[in-house]
Amino acid sequence: MKIKLSTVAKPHEGSRTVIESKVSPAFRGEGDVDYICGGCGTLIAEKVRRGQVRNIVVRCPECGQYNEFP
Ligand SMILES: [Zn+2]
């Protein structure tokens, strides 16, 4: 399945763990969920288990928006 992430404003310095990704996808796993950028649809995390990546913010390599993993 595919889940669209929600985009958030740039987090304040030190308030969140932020991954500034240069590549797509930033994460690859062995689950069955693809997470895509809420701004442009670029693949952010491929085939991860639900809940495997959490409580972080990933910057999209394409559009530069910040995507929050719940
Ligand atoms: Zn994007």
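Given the structure is predicted, the values throughout are model-derived calculations rather than measurements.

Undergrad: Would you mind showing me how to read the coordination of the zinc ion here?
TA: Looking at the metal site, the zinc ion is ligated by C37 (SG), C40 (SG), C60 (SG) and C63 (SG), spaced 2.3 to 2.4 Å from it. Around the zinc ion sit four donor atoms, and with donor-metal-donor angles ranging over 104 to 115° the site reads as tetrahedral.

Undergrad: I keep staring at the pattern of salt bridges and nothing clicks. Help me out?
TA: Counted by the stated rule, this structure contains three salt bridges. As a salt-bridge pair, E68 and R16 come within 2.6 Å of each other at their nearest N and O atoms. With E68 in strand β8 (residues 66–68) and R16 in the loop between β2 (6–8) and β3 (18–20), the pair connects residues that are 52 residues apart, well separated along the chain. Classification of R16 as partly exposed rests on a relative accessible area of 28%. Across the salt bridge formed by R59 and E20, the nearest N and O atoms sit 3.3 Å from each other. Taken together, the positions of R59 in strand β7 (residues 57–59) and E20 in strand β3 put the pair 39 residues apart, joining distant regions of the chain. You can call E20 partly exposed: its relative accessible area is 42%.

Cut-offs used in this document
- Residues numbered from 1 in each chain as written.
- Predicted model: local features only at pLDDT ≥ 70, side-chain atom pairs only at ≥ 80, totals over all residues.
- Heavy atoms only, no water.
- Donors = N, O, S within 2.8 Å, 3.2 Å for Na, K, Ca; no water.
- Tetrahedral: all angles 85-135°; square planar, octahedral: opposite > 155°, others 65-115°.
- Salt bridge = Lys/Arg side-chain N within 4 Å of Asp/Glu carboxyl O.
- Helix = DSSP H or I, 4+ residues; strand = E, 2+ residues; numbered from the N terminus.
- Buried < 20%, exposed > 50% of the residue type's maximum accessible area, 1.4 Å probe, protein only.

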